[in-house]
Amino acid sequence: MDGLRIVRARVRGSAQTHELAARFARRAEVALSGLDPGAAILCLREAGGVLTDDALAAPLSRAPAVWGPIVRQAQARLAAARHPWREAVMPDALAVCFADTAEWLACAALDLLAQRIERCWWWCSLPLHGASGVIAAWQQHPQAVPGALALLAQRGRAVHFAQAVGTQALVLRQALIRHFAVGQLATPAESPASVALEHALSDCAASAPEGVPEAARHWLWLALGLARAPAAVSAAPRPPARWLAALPTREPSDRAAMQIGEADAPPPLRDQPSVGVARGGQQGVASEPPVAPIRVHHAIGRTVASILQAANDPLAPPPAEGTPPEQQPESTTRGARQPPMRWGLPAPSPATNPPNMSSPDGDGVDAAIFATPDVLAVPAPQANMPAAPAVDAGGAGIATEYGGAFHLLNLAVALGLYPDFTRPADRGLALHPWDFIALLARELIGTDFDADPLSAWLANAAGRPQDCAAGCWADAPNADWRLPAHWLAPWAAQTRAWRRVEADGRCGLWHPAGFCVADLPADEVVDGAQWPGWVAPRRVRASARVVPGAIRSWGDWAARFAPFVRARLALATGWPQASAADRLLHRPATIRRSAERVVVQMSLAALPIEVRLAGLDRDLGWLPAAGCDLRYRFDAGVGP
């Protein structure tokens, strides 16, 4: 089971040895494997029972039967698990549930703001103790940060949490830039993308408290932009100067400044510039140096004020001499690279009084940020608050007749238009993947695609209004058209002559398979030897079907790219070129999206074997340009 973690285990009647602990952990994982919650995160306070004498010596295959009483007790408690995001949960709850990592992060932030982080036993799942653990968790899971911040924005707490994060917002923003391959170039304040983002993030100005630092504003813009209008934020990754700039920014006090010394800052992180990705996939040097992440050490024995100081100040000195070391079993690592916990079995801890969150003047922490009238109340969603687009809260998803349109992303990744996990620092095309599907599917299917729910879903997922054309915020494509040579490798053995067309000062080369290979100015020299399957072209007259012309928009780009897609799909599947695209795309499916994943569910019986052999149904995993994990799921639906 993925992510099983036992915080504390107690076994009586046997000698406590390292070998015993290892055997216990392996058998517990096998026995509890049937309780796998999938994307959800479940935290169980405790589960106990009596094991036989040979329970830890029995083979792993017998673990489920031997552990039966404990598993049944865990099942009963997890079935009644409370949901902190949807309801008020008392600190003595036996089990709690979070829908995904984004909800887990959002609930941790809410409890930190409500002074509950020290009272709830389930936050032992954080990588560190207290407020430091909340900030560290947000640093460790950048893929879930946009969704988590969008959830906080629904409760009107996103800006308050960003203010509480303080200077760590720089670290969080750098993590988003690396994980989503977003550029760092400044954009004009009146650019269409900036204007669209200001409208999408208008609720931030309405709920902004006094004293939002510049770093927090930049992080809010990027994170909420990735959640609400990802196609726009890729074109405008930095906010205009006026966005929330009217609010005064709190300056660090002298006492906090005195605690920050040059010796406390790791030289590699302070001296080495951060390399980001500019728009269009080009590398660019970050305009601001990164801030060192908070140090990973446990906070047991430290005062609450010093914990918050460490969370807000990335260069705070380490704990004083005599601080107790981290308390955890040897089999559990709470380092900075640990994946999110899926199951926790911590020992029960008595509820304590709320910690004193007040801080003396000059410690760099504003106690008013963490003040709330009722520390156990769950804030109600604010009216007219925009939510993250295309996230299916109920899990029902949308039904579409063209679920195969997502296979176009498999083709795009195979052609190198968008990177996979092997190129995490490259974003690929300036065109957002959802706009790529929308434009190309319409070219391949026709106007019938506009009436399908998938068309509206793609616009919503990109954060684009229905009346805006796909690709409206992306940088304009190159006016000249030239296919990479390796794209033509499947036609290396062809022997038919190419076609050459000249008109209006431009020259176009058409492949015998029916697609344009190059469309360039007439005075540019074309060396055809670089293309596999090159045969000296014959000159033909310009017609409505073959006429060269400069590319002026992404719609023109998709129209030029679509004939190649038809030919390539026909070659990969063996279907006729005239019907290959329609047979691939016309697949009934249900599309579900969470904060981190898009799942395309289709019938396995209706899936053509040609699609599977061509590899077009493979899970793409994390796509930096799309900002999500794309998965295909096949059920036993009715075949054709």
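Thresholds applied
- Residues numbered from 1 in each chain as written.
- Predicted model: local features only at pLDDT ≥ 70, side-chain atom pairs only at ≥ 80, totals over all residues.
- Heavy atoms only, no water.
- Helix = DSSP H or I, 4+ residues; strand = E, 2+ residues; numbered from the N terminus.
- Contact = heavy atoms within 4.5 Å.
- Areas by Shrake-Rupley, 256 points an atom, 1.4 Å probe, with all protein chains shown as cover.
- Pairing = 2+ DSSP bridges.
- Axes fitted to C-alpha atoms, helices over the stretch in contact; angles between N-to-C directions.
- Salt bridge = Lys/Arg side-chain N within 4 Å of Asp/Glu carboxyl O.
- Buried < 20%, exposed > 50% of the residue type's maximum accessible area, 1.4 Å probe, protein only.
- Phe/Tyr/Trp six-rings, centres within 6.5 Å; stacked < 30°, edge-to-face > 60°.
- Core = buried A, V, L, I, M, F, W, Y, C linked by side-chain atoms within 4.5 Å.
- Expected span 1.5 Å × (residues − 1).
- Parallel < 35°, antiparallel > 145°, perpendicular 65-115°, else oblique.
- Left-handed = near helix turned anticlockwise from the far one by under 90°.

Caption draft 1: Representation of the overall build of the chain. When you go through the chain residue by residue, the secondary structure sums to 21 helices and 16 strands. Put simply, of all contacts in the chain between residues at least 6 apart along the chain, 75% involve residues at least 24 apart. Surface accessibility of the chain: about 28,100 Å² in total, with carbon and sulfur atoms responsible for 54%.

Caption draft 2: Layout of the sheet that holds strand β14 (residues 597-603). What the 5 strands build is an open sheet, ordered β7-β13-β14-β16-β15; its pairing is mixed. On the outer flanks of this sheet lie β7 (398-400) and β15 (621-623), each paired with one strand and no other. On average, each strand axis in the sheet is tilted by 25° relative to the strand beside it, whichever way the strands run. For strand β13 (residues 589-593) and β14, the ladder comprises 5 bridges, and the chain directions are antiparallel.

Caption draft 3: Spatial organisation of unusual backbone geometry. With a phi angle near 65°, Q115 is a residue other than glycine that sits in the positive phi range. Along the chain, Q115 falls in the loop between α4 (101-113) and α5 (130-140). In this model, D504 sits at a positive phi of 55°, which is unusual for a non-glycine residue. One can find D504 in the loop between β9 (499-503) and β10 (506-510).

Caption draft 4: Highlighting the pattern of salt bridges. Enumeration according to the criterion identifies 16 salt bridges in this entry. Salt-bridge contacts for D203 lead to R228; the nearest nitrogen and oxygen are separated by 2.6 Å. Of this pair, D203 sits in helix α10 (residues 202-207) while R228 is found in helix α11 (residues 214-228), placing the two residues 25 residues apart along the sequence. For the residue pair D203 and R228, the accessibility class agrees, reading buried in each case. Where D519 meets R506, a salt bridge forms, and the shortest distance between an N and an O atom there is 3.0 Å. Here the residue D519 occupies a position in strand β11 (residues 516-521), and R506 occupies one in strand β10, the gap between them amounting to 13 residues.

Caption draft 5: Inspection of the packing of aromatic side chains at higher detail. Counted under the stated rule, the structure contains 26 aromatic pairs. Considering the side-chain rings of F180 and W622, the 5.4 Å spacing of their centres and the 70° angle between planes classify their relative orientation as edge-to-face. Linking F180 in helix α8 (residues 168-180) with W622 in strand β15, this pair joins segments that are 442 residues apart in sequence. For the pair F180 and W622, a shared accessibility class is recorded, and that class is buried. An angle of 40° between the planes, with centres 6.2 Å apart, marks the rings of W531 and W534 as tilted. Using a relative accessible area of 2% as the deciding quantity, one classes W531 as buried. By relative accessible area, W534 is classed as partly exposed at 30%. By way of ring pairs, the aromatic residues Y418, F436, W481, W487, W491, F515, W554, W557, F561 and F564 are connected into one cluster.

Caption draft 6: A look at the nonpolar core. Core analysis: the biggest nonpolar cluster contains 154 residues, and W138, F161, W219, F406, W434, F436 and F561 have the highest contact counts within it. Judged by nonpolar contacts, the second largest core, of 20 residues, contains A40, L44, L56 and W67.

Caption draft 7: Expanded view of the pairing of β10. Within β10, 5 of the 5 residues are buried, leaving the element largely enclosed by the surrounding structure. Side-chain alternation along β10 places R506, G508 and W510 on one buried face and C507 and L509 on a second face that is also buried. Across 5 bridges, β9 lies against β10 in antiparallel orientation. The partner of A503 across the bridge, within β10, is R506.

Caption draft 8: Highlighting α8. The end-to-end C-alpha distance of α8 is 18 Å, a good match for the 18 Å that 13 residues give at a rise of 1.5 Å each. The buried count for α8 comes to 11 of 13 residues, which makes it a mostly enclosed element. Within the sequence span of α8, burial applies to Q168, A169, L170, V171, L172, R173, Q174, A175, L176, I177 and F180. Just beyond α8, the residue with positive phi is A181, at close to 55°.

Caption draft 9: Summary view of the packing of α4 against helix α6 (residues 145-154). Packing of α4 against α6 leaves a shortest axis separation of 8 Å and a crossing angle of 50°. Between α4 and α6, the crossing angle belongs to the class labelled oblique. Crossing geometry of α4 relative to α6 is assigned as right-handed. Across the interface between the two elements, A102, E103, L105, A106, A109 and L110 of α4 pack against V145, G147, A148, L151 and L152 of α6.

Don't take any of this as a statement about function, it's just geometry.
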